[in-house]
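# Residue-level structural notes
Spelled out from the first residue to the last, the chains are:
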Amino acid sequence: MFALTCSLSASALAQEGGRGVLPPEATPPSMDDLDAPTTEVEPPGGPAPAITPQDGDSASDLDRLFQELADAPDARSALPVVARIQRIWMTSGSATVDLLMRRSALAIKGQQLGLALDLADMVVRFAPDYAEGYNRRATIHYLNGDFGAAIKDIERVLALEPRHWGAMSGLGIILRRLDREDEALVTFQEVLRLNPHAQNARKAVEALDKKAEGQGI
């Protein structure tokens, strides 16, 4: 099983992250696309099929869906499976938590990071076993430049959902910002093991491999 490879204390991360507050670069529901080497683009072969997650999916379907993801022949055909997995992850089972998550997303979009953090704090208090709440809060900490707090929440996400490639990508992004490139490479490789069609992770692996070989990015 993948283990967090970064031997980074919270205090050390806080010092690194304290170099400057990072501007909001995107407003996704997770860290997966933040500061990625490229943004996700439409895969080759024409327009992607409509993403229509099936009603009735639940956590008990995750093993099967991850197998379908591994078996998908290309990124285009993987998109509906990815959507269904993410839909399961986002399901809190609480109307209150769902409302707080929606409001925190709007606050991030409006660059109201203090409000977004307050709302995310409420989510994890109301639903301490809801991995996506910690993932949302990790994103906000990252946008605030608080890498120590972001890492702590990412660890909680992965304790609750070890296959959460979005949180894992967030870890890789932070490791790259801290110049921990060997550890970032291992992390992004694990992302690709879980989701072979994660294009941002693939780009990161390629870039880190080239740099390790002395070819430059």
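What comes next is a walk through the structure.

Procedures and definitions
Residues numbered from 1 in each chain as written. Predicted model: local features only at pLDDT ≥ 70, side-chain atom pairs only at ≥ 80, totals over all residues. Heavy atoms only, no water. Core = buried A, V, L, I, M, F, W, Y, C linked by side-chain atoms within 4.5 Å. Buried < 20%, exposed > 50% of the residue type's maximum accessible area, 1.4 Å probe, protein only. Helix = DSSP H or I, 4+ residues; strand = E, 2+ residues; numbered from the N terminus. Contact = heavy atoms within 4.5 Å. Axes fitted to C-alpha atoms, helices over the stretch in contact; angles between N-to-C directions. Parallel < 35°, antiparallel > 145°, perpendicular 65-115°, else oblique. Left-handed = near helix turned anticlockwise from the far one by under 90°. Lys, Arg positive; Asp, Glu negative; His and termini not counted. Salt bridge = Lys/Arg side-chain N within 4 Å of Asp/Glu carboxyl O. 1 Å grid on protein atoms, 1.4 Å probe; cavity = no way out; pocket = protein on both sides within 12 Å on 5 of 7 lines; lining within 4 Å. Points joined across faces, edges and corners; volume = space filled by probe spheres on them. Nonpolar A, V, L, I, M, F, W, Y, C, P; charged D, E, K, R; others polar.

## Describing the nonpolar core
A general feature of soluble globular proteins is that nonpolar side chains tend to end up buried together. The biggest cluster of nonpolar side chains holds 48 residues, and the ones touching the most others in it are Phe66, Leu69, Ile85, Ile154, Trp165, Ile174 and Phe188. Top contributing element to this core by residue count: helix H8 (residues 165–177), with seven residues. Residue contacts for Ile85: discarding those within four places in its chain leaves Leu62, Leu65, Phe66, Leu69 and Trp165. Judged by nonpolar contacts, the second largest core, of seven residues, contains Val97, Met101, Ala127 and Tyr130.

## A look at the packing of helix H2 (residues 62–71) against helix H3 (residues 75–90)
Packed helix pairs are specified by the crossing angle of their axes together with the interaxial distance, meaning the distance between the axes. The N-to-C vectors of H2 and H3 enclose an angle of 155 degrees; their axes lie 9 Å apart at closest approach. Our classification of the angle between H2 and H3 gives roughly antiparallel. Relative to H3, H2 is oriented so that their crossing is left-handed. Here Leu62, Arg64, Leu65, Phe66, Glu68 and Leu69 of H2 lie close against H3, whose contacting residues are Ala78, Val81, Val82, Arg84, Ile85, Ile88 and Trp89.

## Remarks on the side chain of Glu132
In this fold, Glu132 is placed in helix H6 (residues 131–143). Of the side chains with opposite charge, Arg136 comes closest to the buried, unpaired Glu132, at an N-O distance of 6.0 Å.

## Section: the pattern of salt bridges
Tallying each qualifying case throughout the model produces ten salt bridges. One salt bridge connects Arg64 with Asp61, and the closest N-O pair in it is separated by 3.2 Å. Judged by relative accessible area, which is 16%, Asp61 ranks as buried. The closest approach of N and O atoms between Asp121 and Arg137, which form a salt bridge, is 3.0 Å. One end of the pair, Asp121, is in helix H5 (residues 113–126); the other, Arg137, is in helix H6, and 16 residues separate them in sequence. Put simply, Asp61, Arg64 and Glu68 are held in one network by salt bridges that share partners.

## Details of the layout of surface pockets
Considering only enclosed or pocket space, the second largest pocket measures out at about 180 Å³ in volume. Taken together, Ala59, Leu62, Ile88, Trp89, Thr91, Asp129, Tyr130, Ala131, Leu160 and Glu161 make up the full set of residues lining the second largest pocket. Of the residues assigned to the lining of the second largest pocket, the class counts are seven nonpolar, one polar and two charged.

## Let's talk about unusual backbone geometry
Despite not being glycine, Gln111 shows a phi value in the positive range, around 60 degrees. In this structure, Asp179 takes a positive phi of about 60 degrees despite not being glycine. Examined against the element boundaries, Asp179 turns out to sit in the loop between H8 and helix H9 (181–194).

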